[in-house]
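# Overview (structure and organization)
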Amino acid sequence: MADHCSKHGIVFVADEIQTGFGRTGAMFACEHEGVVPDLICTAKALAGGLPLAAVTGRADLMDAPHVGGLGGTYGGNPVSCAAALGAIETIEALDLPSCATTIGKTLLSRLGALANKYAVVGDVRGRGAMFAVEFSDPRTGRPDPATTVAVAACHKQGLVVLTCGTDSNVLRLLPPLVIEDDLLDEGLSILERAVAGVAAG
Ligand SMILES: *Cc1c(COP(=O)(O)O)cnc(C)c1O
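Since we're looking at a predicted model, the values are computed, not measured.

Cut-offs used in this document
Residues numbered from 1 in each chain as written. Predicted model: local features only at pLDDT ≥ 70, side-chain atom pairs only at ≥ 80, totals over all residues. Heavy atoms only, no water. Helix = DSSP H or I, 4+ residues; strand = E, 2+ residues; numbered from the N terminus. Buried < 20%, exposed > 50% of the residue type's maximum accessible area, 1.4 Å probe, protein only. Contact = heavy atoms within 4.5 Å. Areas by Shrake-Rupley, 256 points an atom, 1.4 Å probe, with all protein chains shown as cover. Lys, Arg positive; Asp, Glu negative; His and termini not counted. Charge placed at Lys NZ, Arg CZ, Asp CG, Glu CD. Core = buried A, V, L, I, M, F, W, Y, C linked by side-chain atoms within 4.5 Å. Domains from an automatic or database assignment. Pairing = 2+ DSSP bridges. Near = heavy atom within 4 Å. Polar contact = N/O pair within 3.5 Å; in protein donor to acceptor, adjacent residues only side chain to side chain. Nonpolar A, V, L, I, M, F, W, Y, C, P; charged D, E, K, R; others polar. Salt bridge = Lys/Arg side-chain N within 4 Å of Asp/Glu carboxyl O.

Within the protein, the regular secondary structure consists of six helices and seven strands. In the protein, the succession of α and β elements from N to C terminus is α-β-β-β-α-α-α-β-β-α-β-β-α. When burial is assessed residue by residue, the protein has 36% of its 201 residues classed as buried. For the protein, contacts bridging at least 24 residues in sequence account for 58% of all contacts bridging at least 6. Split by element, the accessible area of the protein, about 11700 Å² in all, is 57% carbon and sulfur. Taking the average location of the 14 positive side-chain charges in the protein and that of its 22 negative ones, the two points are 9 Å from each other.

Structure below.
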């Protein structure tokens with residue numbers, strides 16, 4: 001994709017709003033692919049919860065708009081910017097990308113075992129601390145939103161998962177990068193029990 005863009009003079013934009021700042025096991029997900037985007041969008045973890053978004057890019061692109069031509073109502077909010085400096089310092093000091101890699105290993109092994117055991121788990125995929133569990137009918141391979149919603153009821157046991165996907169048959173797992181091992185294990189056990197319960201009918 002990046003090659004295609006540079007060959008045809010297309011600006012390559014990486015939306016790292018969710019994947020950036022360590023979530024996938026690298027500071028930015030594009031690093032896994034060895035790609036250098038022309039522009040990167042960041043937000044969310046950028047300021048540790050305070051409202052801030054940023055576009056960072058090649059100087060010739062960033063300098064292309066006229067003076068004052070790139071802005072927003074709350075652009076450069078000083079409190080949010082201070083929070084971002086603190087958040088980035090903390091992400092680096094705690095080496096949160098490495099934490100994400102470790103979390104990803106646990107997720108892959110526990111969720112992989114879940115997929116092997118329960119036929120309704122059609123797919124497990126992700127990178128670092130960003131995983132998806134997809135539910136489908138084992139006979140037809142069709143998306144199974146009913147099972148997905150039933151499993152998501154595990155919020156009653158204290159585990160919050162996000163349902164998503166065009167067919168609403170995917171659960172997203174985005175544990176905090178500072179989660180401790182026993183809490184991650186507990187969350188995965190709640191998820192396993194929920195899947196076992198739904199699979200048993
Ligand atoms: C949240 C989100 C956005 C929007 O970010 P804002 O800071 O609200 O503008 C864009 N892309 C992705 C992938 C997001 O998760």
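Right, let's get into the nonpolar core. In terms of nonpolar packing, the biggest core is built from 40 residues, with Leu107, Leu111, Val121, Phe135, Leu173, Leu191 and Val195 touching the most fellow members. A domain split of this core shows at least three residues from each of domain 1 (2-93) and domain 2 (96-199). The residues contacting Val121, other than those within four sequence positions of it, are Leu114, Ala115, Val133, Glu134, Phe135 and Val195.

This next bit is on the pairing of strand β7 (residues 170-173). Bridge count between strand β5 (residues 130-135) and β7: four bridges; the pairing is antiparallel. If you follow Val133 over to β7, its bridge partner there is Leu171. Pairing of strand β6 (residues 162-164) with β7 involves three bridges; the strand directions are antiparallel. Residue pairing in the sheet places Leu162 in a bridge with Arg172 of β7. Between β6 and β7, which pair antiparallel and follow one another directly, the connecting turn spans five residues, one of which, Gly165, has a positive phi of 100 degrees.

Here we take up the site of the ligand. Taken together, Asp15, Ile17, Gln18, Ala43, Lys44 and Ala53 are the residues near the ligand. Between the ligand and Asp15 there is a distance of 2.9 Å, counted from a nitrogen atom to a side-chain nitrogen or oxygen. In the environment of the ligand, an oxygen atom lies 2.5 Å from a nitrogen or oxygen atom belonging to the side chain of Lys44. For the shell around the ligand, a count of residues per class yields three nonpolar, one polar and two charged.

Enumeration according to the criterion identifies eight salt bridges in this entry. Across the pair Arg110 and Asp185 runs a salt bridge whose closest N-O atoms are separated by 3.1 Å. With Arg110 in helix α4 (residues 96-117) and Asp185 in helix α6 (residues 181-199), this pair connects stretches of sequence that are 75 residues apart. The partner of Arg125 in a salt bridge is Glu134, and the shortest N-O contact between them spans 2.7 Å.

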